[in-house]
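Results of the structural survey
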Amino acid sequence: MIFCTVSRIMSCKSKSDEKTMLTLGIETSCDETGIALYDSEQGLLAHEVYSQIALHKDYGGVVPELASRDHIQKTIPLIQQVLAEAGKSQSDLTGIAYTAGPGLIGALLVGATIGRTLAWALGVPAIGVHHMEGHLLAPMLEENKPDFPFIALLVSGGHTQLIQVDGLGQYHLLGDTLDDAVGEAFDKTAKLLGLDYPGGAALAELATLGRAGQYQFPRPMVNRPGLDFSFSGLKTFAMNTVHGAGNDPQTLADIAYAFQEAVVDTLLIKCRRAIKQCKINRLVVAGGVSANQLLRQKLKDYMFEIKGEVFYPRHEFCTDNGAMIAYVGHVRLQAGQADDTAIKARARWPITELTPTSQKK
Ligand code: KG4
Ligand code: ZN
């Protein structure tokens, strides 16, 4: 499959010298294959996400080897589909961006290999994009974009971070989780409540049936100074509560309600602290957990109260997608950055290692 696609595109002419840039974005860091096309004049032209949730459901979590194999099968057909939707062909591409980390190494290598190979065959530049920078800048795909500087709350299945963003590639870590990420705490608690993986959205849904005041969960680390988080205690608290409470549907909904309230309250307290500390009243909330309605509402209310602004990606760009990768790759390629021809990916990659666009990697 890869060979015939590559041999077909070998004959395509490079268009890197043309003014309009068309960047293909490839996201394969975990359990979603995301592909998108970003045009320098028209913005996002098309995007598709293929979710592997059904594939991993029976295992209660992502099985890395299955994820890699599925990305191999889905990436090229999805690239062809997105190109067709946008009315473009491979020869129109002027650059390729792929997620190079952090994430599952096998899954990352699929996107990196396909992206790099396509770029080499087309004679266009390619760049490895940081997955969390993608999440961080996903609100830039919206009409109402945040100006720099802003505070970013990055909340996903693997990360819980507060970052001061002074410009593209200028990221100062203010706070991080000491143990579980917030999405991971949602997923593990959801599993205890009998919900399927990934349980974040399902837990939030169940919480809508819960009653206030039935259970009181702790707000971890809020009485200590600083901006770090810890969610593993909350998950243990949920486990003990579920085991002690029985499993009638109303009880489970009440626990989901109390858990979600505690998580959202904790995130709100830390965001408030970061905003006061940095004296910046623009907040970006991104990553899978930013799809949570209660979190969105509470942060919106708070930012309204202090006459600040809050920015979210649209719902479909909160979780993993190719659009955010195409966007970041596009901006960096446009600034003249590109990677060499080696296929590289990193399972771990601190976001603070990124550099501004003026400083070439
Ligand atoms: O960013 P993402 O798609 O993948 C990672 O990079 O990790 O985030 C996935 C995480 C999962 O833990 C999922 O349960 C959580 O985001 N999530 C939610 C909601 N939607 C997705 N958590 C709480 N409420 C939601 N509505
Ligand atoms: Zn993600």
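What counts as what
Residues numbered from 1 in each chain as written. Chains lettered and ligands numbered in written order. Predicted model: local features only at pLDDT ≥ 70, side-chain atom pairs only at ≥ 80, totals over all residues. Heavy atoms only, no water. Helix = DSSP H or I, 4+ residues; strand = E, 2+ residues; numbered from the N terminus. Rg over C-alpha atoms; globule rule 2.2 N^0.38 Å. Buried < 20%, exposed > 50% of the residue type's maximum accessible area, 1.4 Å probe, protein only. Contact = heavy atoms within 4.5 Å. Areas by Shrake-Rupley, 256 points an atom, 1.4 Å probe, with all protein chains shown as cover. Lys, Arg positive; Asp, Glu negative; His and termini not counted. Charge placed at Lys NZ, Arg CZ, Asp CG, Glu CD. Pairing = 2+ DSSP bridges. Near = heavy atom within 4 Å. Polar contact = N/O pair within 3.5 Å; in protein donor to acceptor, adjacent residues only side chain to side chain. Nonpolar A, V, L, I, M, F, W, Y, C, P; charged D, E, K, R; others polar. Arc of directions from axis to C-beta. Domains from an automatic or database assignment. Buried area = accessible area lost by both parts, 1.4 Å probe. Salt bridge = Lys/Arg side-chain N within 4 Å of Asp/Glu carboxyl O.

1. Quick notes on the overall build of the protein
Each helix and strand in the protein was counted, giving eleven helices and ten strands. Against the globule reference of 21 Å for 361 residues, the protein gives a C-alpha radius of gyration of 21 Å, in line with a compact fold. When burial is assessed residue by residue, the protein has 54% of its 361 residues classed as buried. For the protein, contacts bridging at least 24 residues in sequence account for 73% of all contacts bridging at least 6. For the protein, the exposed area adds up to about 15500 Å²; of that, 52% sits on carbon and sulfur atoms. Averaging the locations of the 33 positively and 38 negatively charged side chains of the protein gives two centres separated by 4 Å.

2. Some remarks on the pairing of strand β2 (residues 32–39)
Burial analysis of β2 places eight of its eight residues in the buried class, which makes it a mostly covered element. Here β2 shows no split at all, with Glu32, Gly34, Ala36 and Tyr38 on one side and Thr33, Ile35, Leu37 and Asp39 on the other all buried. Sheet topology note: the strand β1 (residues 22–27)/β2 ladder contains six bridges and is antiparallel. For Gly25, the partnering residue across the bridge sits in β2 and is Ala36. What sits between the antiparallel neighbours β1 and β2 is a turn of four residues. Where β2 folds back onto strand β3 (residues 43–51) in an antiparallel hairpin, the turn is made up of three residues.

3. Section: the site of ligand 1
Taken together, 16 residues sit near ligand 1, with His135, Gly157, Asp187, Gly200 and Gly288 positioned nearest. Between Gly157 and ligand 1, the recorded distance is 2.8 Å, taken from a backbone N or O atom to an oxygen atom. When the free accessible area of ligand 1 is taken as 550 Å², the share hidden by the protein chains comes to 86%. Per-element accounting of the shell around ligand 1 gives the leading share, three residues, to helix α6 (residues 182–192). When its residues are assigned to classes, the shell around ligand 1 shows four nonpolar, ten polar and two charged.

4. Considering helix α7 (residues 200–207)
When we look at burial in α7, the residues that qualify are Gly200, Leu203, Ala204, Leu206 and Ala207. For α7, the angular spread of the buried residues around the axis is 160 degrees, confining them to a single face. Turned more than 90 degrees away from the buried face of α7, the exposed residues are Ala201 and Glu205. Contact partners of the buried residues in α7: α6 and α9 (249–278).

5. Examining the domain arrangement of the protein
Assigned domains within the protein: domain 1 (6–137 + 318–353) and domain 2 (148–312). The gap between the C-alpha centroids of domain 1 and domain 2 is 29 Å. At the junction of the two partners, domain 1 supplies 18 residues and domain 2 supplies 23 residues. Around 1700 Å² of area is buried between domain 1 and domain 2 when both sides are counted, 74% of it from carbon and sulfur atoms. When the area that domain 1 buries against domain 2 is broken down by residue, the three leading residues are Met132, Leu136 and Cys318, summing to 34%. Run the count over domain 1 and domain 2 and you get one salt bridge. With a closest N to O distance of 3.5 Å, Lys57 and Asp196 form a salt bridge. At the boundary of domain 1 with domain 2, the tally comes to three residue pairs in polar contact (both at pLDDT 80 or more). Mapped by element, the contributors of at least two residues to the side of domain 1 that touches domain 2 are α5 (131–137) and α11 (323–334). Broken down by element, the residue count for the side of domain 1 that touches domain 2 peaks at five residues, all from α5. Per-class residue counts for the side of domain 1 that touches domain 2 are nine nonpolar, five polar and four charged.

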